[in-house]
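What follows is each chain in one-letter form.
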Amino acid sequence: MRTGLTTLLAVVALSSPGCAPTPRVSTPEAACATATARVTAQRGLPPSHVALCDHIPEADGPRGYFVLALRAHCFEDLCGSTSMGWFAVQKATGDVFEVEDMSAWKLGRRLPRGS
């Protein structure tokens, strides 16, 4: 009986949303979608606020990450920078980090996952 209860508790724990496996990010396009969703949610913006992702080549970035800048739409006749910042998406976990220093690949804070 004890083994059956232990197995049942393990199945329930693994199927709960808090224990869901983190998605692996395997393409620059998936990294763009992940970063867009995380950054816009954090800033209270619609995902459509992001016009494009400006990727750096994988070989030029830190191992295990996709590095990209998010660029916003410009609806004015003359725009300054549309940069929303540089971000690193960890391939193995899908975690998104702000990039504090591009020259040293220093990662900043991790952006929280959805609410």
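These numbers come from a predicted model, not from an experiment. (Residues numbered from 1 in each chain as written. Predicted model: local features only at pLDDT ≥ 70, side-chain atom pairs only at ≥ 80, totals over all residues. Heavy atoms only, no water.)

A few words now on unusual backbone geometry. Phi at W105 takes a positive value of approximately 50°, unusual for a residue other than glycine. In this structure, W105 sits in the loop between β4 (96–101) and β5 (106–110). A relative accessible area of 26% means that W105 is categorised as partly exposed. (Helix = DSSP H or I, 4+ residues; strand = E, 2+ residues; numbered from the N terminus. Buried < 20%, exposed > 50% of the residue type's maximum accessible area, 1.4 Å probe, protein only.)

This part takes up the sheet that holds strand β1 (residues 50–55). Across the sheet, which stays open at both edges, the 5 strands sit in the order β1-β2-β3-β4-β5 with antiparallel pairing between neighbours. Since the sheet does not close on itself, it has two edges, and those belong to β1 and β5, each with one partner. Taking the axes of each pair of neighbouring strands and ignoring which way they run, one obtains an average angle of 40° across the sheet. Bridging between strand β3 (residues 83–90) and β4 involves 3 bridges; their strand directions are antiparallel. Looking at the pairing, F87 lines up with E98 of β4. (Pairing = 2+ DSSP bridges. Axes fitted to C-alpha atoms, helices over the stretch in contact; angles between N-to-C directions.)

These figures capture arrangement, not role.
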